[in-house]
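If you want the building blocks of each chain, they are given just below.
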Amino acid sequence: MARVAFLGLGVMGFPMAGHLKAKGGHEVTVYNRTAAKAGKWVEQYGGRKAATPREAASGQDFVMACVGNDHDLREVTLGADGAFAGMKKGATFVDHTTASAEVARELYAEAQKRGFDFVDAPVSGGQAGAENGALTVMCGGDAQPYGRAEPVIAAYARMCKLLGPSGSGQLTKMVNQICIAGIVQGLAEGIHFAKKAGLNVDAVIETISKGAAQSWQMENRYKTMNAGKFDFGFAVDWMRKDLSICLGEARRSGAHLPLTALVDQFYSQVQTMGGRRWDTSSLIALLERK
């Protein structure tokens, strides 16, 4: 059992923190910008809530965070009431936010100066993965603090791996989102084509999903895509945030991402259709609009 704080109780953080308490058996303190959400979490799981990130982090062995973006992450870590001001020497901060590699390296360096460790550890698996404790966790940082954090992360992960030095977790999450963008667009076009050709979409997918075209997106999203229902996962607004990070990093590194840039623009069109909160499979709505 460890003393753990969790900062950020959104659709991902709420169940992740719950697994730390219920499955991991850890002593958990939570913080959320909206205090009522922290109160609700304590009612459901026990543990305690804190009024500030600094208070939540004080005396803890591990501090986990899952917030919105670079700005939110700096807000909960830095400053007089930030978590870094409360962390003890030798503790480990584990950041599950999907953010830039730049902010990961910045906070890693700041943590080193203050005498504790920082691991960037973005996740994949969406709300269902968080609720089921089956997330994939991609980590960057130093081997020793990662080794200490891995058994704690295991409460909500089915896969957790150290990919390299600070920032490597965020870079790997970018690869993840680049791959998803292309796969979802291909699946959207395939379903759209099948319908226009007069094929039975269920029969087509049942067949091709047993071959080389198979993917998680195909197995888990084709039925709702075919039905025009898009309330089953990661929102378009968040995907565009992630793809913006990918494209910014590509400009810095000299990588070429023509398909990713194109799909990002398709998601922009989905937003203008009113689909900001639709899930990422809503790319098919562009193809089927009247």
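Right above here is the structure, for reference.
Here the structure is a predicted model, which is why all the values come from computation and not from measurement.

Focus on the pattern of salt bridges
Any two side chains of opposite charge can pair if their charged atoms end up close together.
Okay, so step 1: Applying the stated criterion across every chain, the model contains 14 salt bridges.
Okay, so step 2: In this structure, arginine 33 and aspartate 72 form a salt bridge, with 3.6 Å as the shortest nitrogen-oxygen distance. With a gap of 39 residues between them, arginine 33 in the loop between β2 (27-31) and α2 (35-45) and aspartate 72 in helix α4 (residues 70-77) connect regions that are remote in the sequence.
Okay, so step 3: Taking relative accessible area as the criterion, aspartate 72 reaches 13% and is therefore assigned buried.
Okay, so step 4: What makes arginine 33 exposed here is its relative accessible area of 60%.
Okay, so step 5: Where salt bridges share partners, they join Arg33, Asp72 and Glu75 into one cluster.

Side note on the packing of aromatic side chains
Okay, so step 1: By the definition in use, this model includes 6 aromatic pairs.
Okay, so step 2: With a centroid separation of 5.1 Å and an interplanar angle of 35°, the aromatic rings of tryptophan 41 and tyrosine 45 are classed as tilted. In this pair, tryptophan 41 and tyrosine 45 are both assigned in helix α2, 4 residues apart and thus about one turn of the helix distant.
Okay, so step 3: Exposure remark for tryptophan 41: the relative accessible area of 0% places this residue in the buried category.
Okay, so step 4: Classification of tyrosine 45 as partly exposed rests on a relative accessible area of 23%.
Okay, so step 5: Here phenylalanine 93 and phenylalanine 118 contribute two aromatic rings whose centre-to-centre distance is 5.6 Å and whose plane-to-plane angle is 10°, an arrangement assigned as stacked. Of this pair, phenylalanine 93 sits in strand β5 (residues 92-95) while phenylalanine 118 sits in strand β6 (residues 117-120), and the two are 25 residues apart along the sequence.

Things to note about the sheet that holds strand β4 (residues 62-65)
Okay, so step 1: Across the sheet, which stays open at both edges, the 6 strands sit in the order β3-β2-β1-β4-β5-β6 with parallel pairing between neighbours. Whereas interior strands pair on both sides, the edge strands pair on one side only; in this sheet they are β3 (48-49) and β6.
Okay, so step 2: Here 4 bridges tie strand β1 (residues 3-7) to β4, and the two strands are oriented parallel to one another. Bridge pairing in β4 places valine 4 opposite phenylalanine 62.

Observations regarding the packing of helix α8 (residues 168-196) against helix α11 (residues 236-253)
Okay, so step 1: Closest axis-to-axis distance for the α8/α11 pair is 9 Å, and the angle between their directions is 115°. As far as their axial angle goes, α11 and α8 are roughly perpendicular. Regarding α8 and α11, the two cross each other, and that crossing is left-handed. Residues Leu171, Lys173, Met174, Gln177, Ile178, Ile180 and Ala181 of α8 touch α11, and the partners they reach there are Met239, Asp242, Leu243, Ile245, Cys246 and Glu249.
Okay, so step 2: Here the contact of α8 with α11 is built from residues that sort into 9 nonpolar, 1 polar and 3 charged.

Topic: α2
Because the α-helix completes a turn every 3.6 residues, residues three or four places apart line up on one side.
Okay, so step 1: Those residues of α2 that fall on the buried side of the exposure criterion are Ala38, Gly39 and Trp41. Buried residues of α2, seen end-on, are gathered within an arc of 160° and therefore sit on one face of the element. Pointing more than 90 degrees away from the buried face of α2 are the exposed residues Ala36 and Glu43.
Okay, so step 2: Among the structural elements, α1 (13-22), β2 and β3 are those in contact with the buried residues of α2.
Okay, so step 3: Downstream of α2 by one or two residues, glycine 46 has phi in the positive range, about 90°.

The rules behind each value
Residues numbered from 1 in each chain as written. Predicted model: local features only at pLDDT ≥ 70, side-chain atom pairs only at ≥ 80, totals over all residues. Heavy atoms only, no water. Salt bridge = Lys/Arg side-chain N within 4 Å of Asp/Glu carboxyl O. Helix = DSSP H or I, 4+ residues; strand = E, 2+ residues; numbered from the N terminus. Buried < 20%, exposed > 50% of the residue type's maximum accessible area, 1.4 Å probe, protein only. Phe/Tyr/Trp six-rings, centres within 6.5 Å; stacked < 30°, edge-to-face > 60°. Pairing = 2+ DSSP bridges. Axes fitted to C-alpha atoms, helices over the stretch in contact; angles between N-to-C directions. Parallel < 35°, antiparallel > 145°, perpendicular 65-115°, else oblique. Left-handed = near helix turned anticlockwise from the far one by under 90°. Contact = heavy atoms within 4.5 Å. Nonpolar A, V, L, I, M, F, W, Y, C, P; charged D, E, K, R; others polar. Arc of directions from axis to C-beta.

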